Amino acid sequence: MNSTINSKIIKIMNCILPVLMAFFVGGIVIAAIGENPFEVYWVLISKALLSLTGFQNTLHYAGPMILTGLAIAITFKANIYNMGVEGSLLAGGFVAGILGAQLAGIPAIPLKFICLAAAAIFGMVYALISALLKVKFRANEMVITMMMNYALAKVLEYLATTVFRDTGNGYVCTPIVGDNAMFARIFSKSRLTLFFVIVILVLVIMFIVMKKSRLGYEVTAMGKNFEFAEATGMHVGKTIIKIMLISGALAGIAGGGWMLEDQYRYTLTFSANPGLGWDGMLIALLGSHDPIGILIAAIFYAALKTGADSINMYANVPKEIISLIQALIVLFLAVKFIHEKFSFRRSAKKVKEA
């Protein structure tokens, strides 16, 4: 019992320490610019988390990242390195945008359901290709999914430029989705929509799947040892396909929701830079592949994005400092500051024997 508690504490510390280290190094850079790091960080926290409108905007940006974080977590926890979450998100967003524009006359609730369902299906189909190549031909899923992202981006760029282009605009984009397809804002002063409620429902479902279901047990078993999982009678191939389909559906819904609540049309910068799918990878790592941890990590990460503009407005510090902090978090996450097998008593004994 104590070892389980200690293991959880160590995991939490290995997530908190990289953040603290990143902010510490970021503070040194801010001080070198000639600004007070504490004042800059206070602007970041107060505008993104302590302000009611700012916190609502933070939740708005956290929504799709929660879903992409879950999409990454369920595969990475099984030692399946699915780098195609960004692709599933783009596919889901694109099809949701096209249907939202073409079926604009359908009533609001059915239209939103159709768009999100189609986004999930296209995200699943995209993920299924990699899953079948992994299971049937033992292909390296990391290479396949990463290369497919670039291929899909080019295909969608072609479709947005030619077949589905909105010729009334001076830049490359698809037609704007109809009003019935859009998620209306809950509050007039913030960007938060009812899509966040859907995100929380999905989060609860995924918590049950990952923590209480047989599939969750199989994912954990695969993550610890593939051979052991097969020895216990588990059909690893089928499980890989299942979790890849779930991952694709989650990312597809994230893309569809982002389209219907924020972007409203597909552009070449739909997922921004580096992309909501790639953001999900950092969030999954920061949240230790745990649904609750992912929720907290996504809100924290979204707060950095929300607060970046405030830093630029209220302090003489470029908002790129946030990009630096995000990069440092990724760097420090690669370091295990506290190992689970670490023991002060064991270390002291070795020193004494020496």
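For the structure itself, look to the data block above.
Draft legend 1. A look at a nonpolar patch on the surface. Nonpolar side chains collect at one region of the surface, where Y81, M142, V143, M146, M147 and Y150 lie side by side and expose about 580 Å² of accessible area between them. Of note, V143 is situated in helix α6 (residues 141-161). Note on V143: relative accessible area 48%, which makes it partly exposed.

Draft legend 2. Fine view of the nonpolar core. By size, the foremost hydrophobic cluster in this structure holds 101 residues, and its most contacted members are L67, M222, L260, Y266 and I329. Ranked by residue count, the leading element in this core is helix α10 (residues 236-263), at 12 residues. In this view, Y266 contacts L90, F94, L156, A160, V172, C173, T174 and M259; residues no more than four positions away in its chain are not counted.

Draft legend 3. Spatial organisation of unusual backbone geometry. The phi torsion at Y264 lies on the positive side, around 70°, for a residue other than glycine. Positionally, Y264 belongs in the loop between α10 and α11 (276-286). Located in the positive-phi region is S288, a residue other than glycine, with phi close to 55°.

Draft legend 4. Summary view of the side chain of D262. Here D262 is to be found in helix α10. The class of D262 is buried, set by a relative accessible area of 10%. Looking at D262, its side chain comes within polar contact range of the side chain of H60, at 2.8 Å. Once residues lying within four places of it in the same chain are set aside, the contact partners of D262 are H60, Y61, R191 and G257.

Draft legend 5. Layout of the environment of I129. Structurally, the position occupied by I129 is in helix α5 (residues 108-137). The spacing of I129 and M148 is 19 residues in sequence and 9.5 Å in space, taken between C-alpha atoms.

Draft legend 6. View of α5. The end-to-end C-alpha distance of α5, which contains 30 residues, comes to 44 Å, matching closely the 44 Å that a straight helix rising 1.5 Å per residue would cover. Two residues or fewer past α5, R138 is found with a positive phi of approximately 55°.

Draft legend 7. Up close: the packing of helix α2 (residues 37-50) against helix α3 (residues 52-76). Where α2 contacts α3, the axes come no closer than 5 Å and their chain directions differ by 75°. Regarding the angle of α2 to α3, the classification is roughly perpendicular. Contact residues: K47, A48, L49 and L50 in α2; L52, G54, F55 and T58 in α3. Its residues assigned to classes, the contact of α2 with α3 comprises five nonpolar, two polar and one charged.

Criteria and thresholds
- Residues numbered from 1 in each chain as written.
- Predicted model: local features only at pLDDT ≥ 70, side-chain atom pairs only at ≥ 80, totals over all residues.
- Heavy atoms only, no water.
- Patch = residues over 30% accessible without salt bridge, like charges linked within 9 Å, V, L, I, M, F, W, Y side chains within 5 Å.
- Areas by Shrake-Rupley, 256 points an atom, 1.4 Å probe, with all protein chains shown as cover.
- Salt bridge = Lys/Arg side-chain N within 4 Å of Asp/Glu carboxyl O.
- Helix = DSSP H or I, 4+ residues; strand = E, 2+ residues; numbered from the N terminus.
- Buried < 20%, exposed > 50% of the residue type's maximum accessible area, 1.4 Å probe, protein only.
- Core = buried A, V, L, I, M, F, W, Y, C linked by side-chain atoms within 4.5 Å.
- Contact = heavy atoms within 4.5 Å.
- Polar contact = N/O pair within 3.5 Å; in protein donor to acceptor, adjacent residues only side chain to side chain.
- Expected span 1.5 Å × (residues − 1).
- Axes fitted to C-alpha atoms, helices over the stretch in contact; angles between N-to-C directions.
- Parallel < 35°, antiparallel > 145°, perpendicular 65-115°, else oblique.
- Nonpolar A, V, L, I, M, F, W, Y, C, P; charged D, E, K, R; others polar.

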